[in-house]
Amino acid sequence: MNTTRTIRVDNLTRVEGEGALYVKIKDDLVENVQLKIYEPPRFFEAFLRGRHYEEVPDITARICGICPIAYQVTAVQAMEDAFGLKVDDQIRALRKLIYCGEWIESHVLHVFMLHAPDFLGYADAIEMAKDHPEIVQRSLQMKKVGNQIVTLLGGREIHPINLRVGGFYKVPEKKDFAQLAERLKWAREAALESVGWAASLPFPNFEQSYEFVALDYPGEYPLNEGRVVSNKGLNIGVHEYDDHFIEEQVPYSNALHARLKERGSYFVGPLARYNLAFERLSPIAKEAARAAGLGATCLNPFQSIIVRAVEILHACDEALRLIDEYEVPNQPSLKVEPRPSIGHSASEAPRGILYHRYELDEQGLILDATIIPPTSQNQSIIEKDLKYFVEQHLNLPKEELTWKCEQAIRNYDPCISCATHFLRLEIERES
Amino acid sequence: MLPQIKRKPKLAVWKFASCSGCQLSLLDCEDDLLSVAGAVEIANLPEVSRTMAKGPYDISLVEGSITTPAALEHVQEVRHNSKYVVTIGACAMSGGIQALRNFKDVREFTRIVYAQPEYISTLEKSTPISDHIKVDYELAGCPVSKEQLIEVISALITGRTPEIPTSSLCLECKRRGVVCVMSAHGTPCLGPVTRAGCGALCPSYNRGCYGCYGPKERANTASLSKHWSQLGATEEQIVRVFRGCNANAAPFKKESEAHEHH
């Protein structure tokens, strides 16, 4: 007897933005999986045309309220690439520091408030707080420390105002970090405990073979710059990004799907970074990962919650190192001389590689902009995971299977507003 | 003065075209989050909870602007199911950064289009919530200030009028003792026409305000533009500065258009 079943989630929750899930199962095979993104298209690349390079970090920040630093850092680095500017080492260090702050606040939000409730069977972190008040309270304070870094260097947590092409508007004195460093030491301890806690959660057996893609920079865990590498031999400069990746439109989604031209879908984000750069984690993070039972390779996306906790620990430790070694730069920012040029940059947003490309004229006005966020790169992997996961768990009751599918999507911490920012426009007129 | 809500009020958060930053401001109230969560029943907050309780709701916080045909209908349902509708942030209040599309010549815009049109539907303009439904309170900012957000929620719960300043950013600079970047350094600043609320953030970081809290009441934008010209700003620069997060707010829109065809 032929049977057809569907799993449908019309409004995905505990993800940023608006998406839906549709799975069609015929007999015992998954016939169709669609991660539908119905978040309204937002046309940032079109808005950027004709804008002055100085305005770009303020505009691109508005793509995402959770990871504005990723958009600002990548934008200013791309413009500096275009104008042939090399910033002072301490300016680079301050950018890494504010980026660590964003990793901490974004990862803590996802680990404890968005993802953990799935593992423990709660609708949300507020319900979870009734049974585990100390875990939720502690996570809020950890998140606050991440936000304090962003606020100190950026002026505020959401859409910071201090980053500019060539550096910062204002740089801190060394003494400005004293109080923050104390809070970070506390957060590092809390993060260390969190790794063990995350590892104690129940995980389904679900290992897949993926092409992981992350940035590669000598001696550093992937963060603000580097070559683009994978575990299947990809190793290219950021300038070559367009030669190797393409974006495709699918009929059911307001976000494009990015693919590797040669091999198709690929995986970006914490798991990719971890698997490609485990050895470059800070010693305390590496040790915590080992103690939690994770090897140098992790192929189970459900365990990304542990990897995120490891990255929180790494970011706290790295932030403390950067603060310790900080010297006030000679000048807050370099003088910028625009020229007709093309610039590229990629950085590691909390959710994975974010790529920007700008073409500018002699006045420094944007002629063309391309932005590829992590979520559009992970969409096709998410759909593949869902297909295999559902086929392995057809015996589960529908309600439970649906929830597990949602959890499988949350493994990637999708940021849906980001993924829809770049769609080009079709106009429907209001009558 | 708003009438007090007697039982534990039901709070819902709705997202239209936005970056989620304003609702994230609620989660960024790390010290107050659990007490807010205790004072209200969070009935609809899909970015945080799987539970989605049906209306009616006492307080609906609305983030984002209206940019799709579906949103036109959805916003009506939100109004219908809510006692108070409070918009949070520049997108909901003025159309936000998405309103940059409102100034594009449609022909110019369609030249850079290559999406397959049958898949996507969007409106020609990004509009504020108040263009479509009655709004009880509007909180400005891109993003909103979390202190102001807590103030609005507390005021609604206790039945008083929120205490939110409507003065200009200049007053905040004076209060904080921040040196005027425009008079001291000749840096163009939107402070004189921008609503207070951020705590004079940009001037305190040695840069001019770019207007993310939108126009203050009776903003004299023409006079400010004149001053900017004297400081050396080009007409194109003046157009661009008024076309930011609040490009569609009436005084900013008018001012940018006045400098566009010179």
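Every value quoted in this text rests on a predicted model; they were computed, and no experiment measured them. (Residues numbered from 1 in each chain as written. Chains lettered and ligands numbered in written order. Predicted model: local features only at pLDDT ≥ 70, side-chain atom pairs only at ≥ 80, totals over all residues. Heavy atoms only, no water.)

Enquirer: Sorry, what's going on with the interface of chain B and chain A here?
Expert: Put simply, an interface is often sized by how much accessible area is lost when its parts join up. Counting residues at the interface gives 64 residues for chain B, matched by 70 residues for chain A. For the pair chain B and chain A, the two sides together bury roughly 6,300 Å², of which 59% comes from carbon and sulfur. Contact with chain A buries area across many residues of chain B, yet E30, R50 and Y205 of chain B alone supply 13% of it, more than any other trio. In this assembly, chain B and chain A are joined by 8 salt bridges. Here K143 of chain A ties to E30 of chain B by a salt bridge, and the two come within 3.1 Å at their closest N and O atoms. Where chain B touches chain A, the interface holds 27 residue pairs in polar contact (both at pLDDT 80 or more). Listing elements by their share of the side of chain B that touches chain A, those giving two or more residues are α1 (21–27), α2 (33–39), α3 (69–80), α5 (106–111) and α9 (201–204) of chain B. It is α1 of chain B that contributes the most residues to the side of chain B that touches chain A, 4 residues altogether. Of the residues belonging to the side of chain B that touches chain A, the class tally is 36 nonpolar, 15 polar and 13 charged. (Contact = heavy atoms within 4.5 Å. Buried area = accessible area lost by both parts, 1.4 Å probe. Salt bridge = Lys/Arg side-chain N within 4 Å of Asp/Glu carboxyl O. Polar contact = N/O pair within 3.5 Å; in protein donor to acceptor, adjacent residues only side chain to side chain. Helix = DSSP H or I, 4+ residues; strand = E, 2+ residues; numbered from the N terminus. Nonpolar A, V, L, I, M, F, W, Y, C, P; charged D, E, K, R; others polar.)

Enquirer: I would appreciate a short explanation of the sheet that holds strand β2 (residues 19–26) of chain A in the present structure.
Expert: In sheet architecture, strand pairing relies on hydrogen bonds along the backbone and comes in two forms, parallel and antiparallel. All names here are of chain A. Spatially, β1-β2-β3 is the arrangement adopted by the 3 strands of the open sheet, whose pairing is antiparallel. Two strands close off the open sheet at either side, each with one partner strand: β1 (4–9) and β3 (29–37). Strand-to-strand twist across the sheet, computed as the mean angle between neighbouring axes with direction ignored, equals 10°. Note: β2 against β3, 8 bridges, orientation antiparallel. Residue L21 lies in a different strand from β3, and its bridge partner there is L35. The strands that helix α12 (residues 374–392) touches are β1, β2 and β3; relative to β3, the one it contacts most, it runs at about 145°. (Pairing = 2+ DSSP bridges. Axes fitted to C-alpha atoms, helices over the stretch in contact; angles between N-to-C directions.)

Enquirer: Where do I start with the pairing of strand β12 (residues 352–360) of chain A in this structure?
Expert: Within a regular beta strand, the side chains point alternately toward one face of the sheet and then the other, so they alternate between its two faces. Residues and elements named next belong to chain A. Extensive coverage of β12 is indicated by the burial of 8 of its 9 residues. In this structure, strand β11 (residues 341–349) lies alongside β12, joined through 9 bridges in antiparallel fashion. Bridging from a neighbouring strand, I342 pairs with E359 of β12. Hairpin connection between β11 and β12: a loop of 2 residues separates the two successive antiparallel strands. Where β12 lies against strand β13 (residues 366–372), 6 bridges are found, and the strand directions are antiparallel. Opposite E359, over in β13, you have D368 as the bridge partner. Here β12 folds back onto β13 in antiparallel fashion, the turn holding 5 residues, of which G364 has a positive phi close to 85°. (Buried < 20%, exposed > 50% of the residue type's maximum accessible area, 1.4 Å probe, protein only.)

Enquirer: Just to check I follow, could you spell out helix α4 (residues 89–120) of chain A for this structure?
Expert: Helical periodicity: at 3.6 residues per turn, an α-helix aligns residues three or four positions apart in one direction. Residue and element names in this part refer to chain A. Compared with the 46 Å implied by 1.5 Å per residue over 32 residues, the 44 Å span of α4 between its first and last C-alpha is a close match. The largest bend in α4 amounts to roughly 30° and is located at H110. Most of α4 sits out of view: 30 of its 32 residues are buried. Where α4 begins, the side chain of D88 points an oxygen toward the backbone nitrogen of Q90, at a separation of 2.7 Å. (Expected span 1.5 Å × (residues − 1). Bend = angle between axes of the 7 residues up to and from the residue.)

Enquirer: I would appreciate a short explanation of the pattern of salt bridges in the present structure.
Expert: When charged atoms on two side chains of opposite charge get close, those side chains can pair. Residue and element names in this part refer to chain B. Taken as a whole, this structure holds 42 salt bridges over all chains when the rule is applied. The shortest N-O distance in the salt bridge between E151 and R160 comes to 2.7 Å. Taking relative accessible area as the criterion, R160 reaches 28% and is therefore assigned partly exposed. In this structure, E257 and K253 form a salt bridge, with 3.7 Å as the shortest nitrogen-oxygen distance. Residue E257 and its partner K253 are located together in helix α12 (residues 250–258), separated by 4 residues, close to a single helical turn.

Enquirer: I would appreciate a short explanation of helix α11 (residues 235–242) of chain B in the present structure.
Expert: Among the residues of α11 of chain B, I238, V239, R240, V241 and F242 of chain B are the ones counted as buried. Buried residues belonging to α11 of chain B abut α10 (221–230) and α12 of chain B.

Enquirer: Please explain the state of the cysteines as it appears in this structure.
Expert: Each disulfide consists of one covalent bond between the sulfur atoms belonging to two cysteines. Residues and elements named next belong to chain B. Applying the stated criterion across every chain, the model contains 0 disulfides over all chains. Of all cysteine sulfurs, the one in C22 lies closest to C29, which takes part in no disulfide; the gap is 12 Å. Here C202 is not cross-linked by a disulfide; its sulfur's nearest cysteine counterpart is in C209, at 6.2 Å. (Disulfide = S-S within 2.5 Å.)

Enquirer: Before we go on, may I ask you to explain unusual backbone geometry in this structure?
Expert: Most peptide bonds are trans, and most residues other than glycine sit at a negative phi. All names here are of chain B. With an omega dihedral of 5°, the bond running from G55 to P56 counts as a cis peptide bond. The peptide bond linking C142 to P143 adopts the cis configuration, its omega dihedral lying at 5°. Note that P143 resides in the loop between β5 (137–139) and α6 (146–158). Backbone geometry places N206, a non-glycine residue, at a positive phi of 65°. Summarising the element assignment, N206 is placed in the loop between α9 and α10.

Enquirer: When you look at the packing of aromatic side chains in this model, what are you seeing that I'm missing?
Expert: The geometry of an aromatic ring pair is captured by the separation of the ring centres together with the interplanar angle, meaning the angle of the planes. Residues and elements named next belong to chain A. In this structure the tally under the stated criterion is 19 aromatic pairs over all chains. Among the aromatic residues, those joined into a ring-pair cluster are Y210, F212, F267 and Y412. One cation-aromatic arrangement involves K36 over Y22; the distance from NZ or CZ to the ring centre is 5.3 Å. Sitting over the ring of W186, R183 keeps its end group 5.0 Å from the ring centre. (Phe/Tyr/Trp six-rings, centres within 6.5 Å; stacked < 30°, edge-to-face > 60°. Lys NZ or Arg CZ within 6 Å of the ring centre and 35° of its normal.)

Enquirer: Please explain the confidence of the model for chain A as it appears in this structure.
Expert: Parts of the prediction with low pLDDT should not have their coordinates interpreted in detail. Taken over all residues, the pLDDT of chain A has a mean of 93, while the share at 70 or more is 97%. Low pLDDT, under 50, characterises residues 422–431 of chain A; the stretch is placed with 42 contacts to residues that sit more than four places away or in other chains. (pLDDT = per-residue confidence, 0-100.)

Enquirer: Even after reading the chapter, I still don't get the sheet that holds strand β6 (residues 213–216) of chain A, so can you show me in this structure?
Expert: Residue and element names in this part refer to chain A. Across the sheet, which stays open at both edges, the 3 strands sit in the order β6-β7-β8 with antiparallel pairing between neighbours. Of all the strands in the sheet, the pair left with one neighbour each is β6 and β8 (235–236). Pairing of strand β7 (residues 227–230) with β8 involves 2 bridges; the strand directions are antiparallel. For V229, the partnering residue across the bridge sits in β8 and is N235. Here helix α9 (residues 270–277) sits on the sheet in contact with β6 and β7, set at roughly 55° to β6.

Enquirer: Explanation requested: the packing of helix α7 (residues 178–199) of chain A against helix α11 (residues 304–324) of chain A in the structure shown.
Expert: Residues and elements named next belong to chain A. Interhelical geometry of α7 versus α11 gives an angle of 160° and a closest axis separation of 8 Å. Taken together, α7 and α11 sit at an angle that is classed as roughly antiparallel. Note that α7 runs across α11; the crossing there is left-handed. Residues L180, A181, L184, K185, A187, R188, A191, L192, S194, V195, A198 and A199 of α7 touch α11, and the partners they reach there are I305, I306, A309, V310, I312, L313, C316, D317, A319, L320 and I323. Within the contact of α7 with α11, the residues separate by chemical class into 19 nonpolar, 1 polar and 3 charged. (Parallel < 35°, antiparallel > 145°, perpendicular 65-115°, else oblique. Left-handed = near helix turned anticlockwise from the far one by under 90°.)

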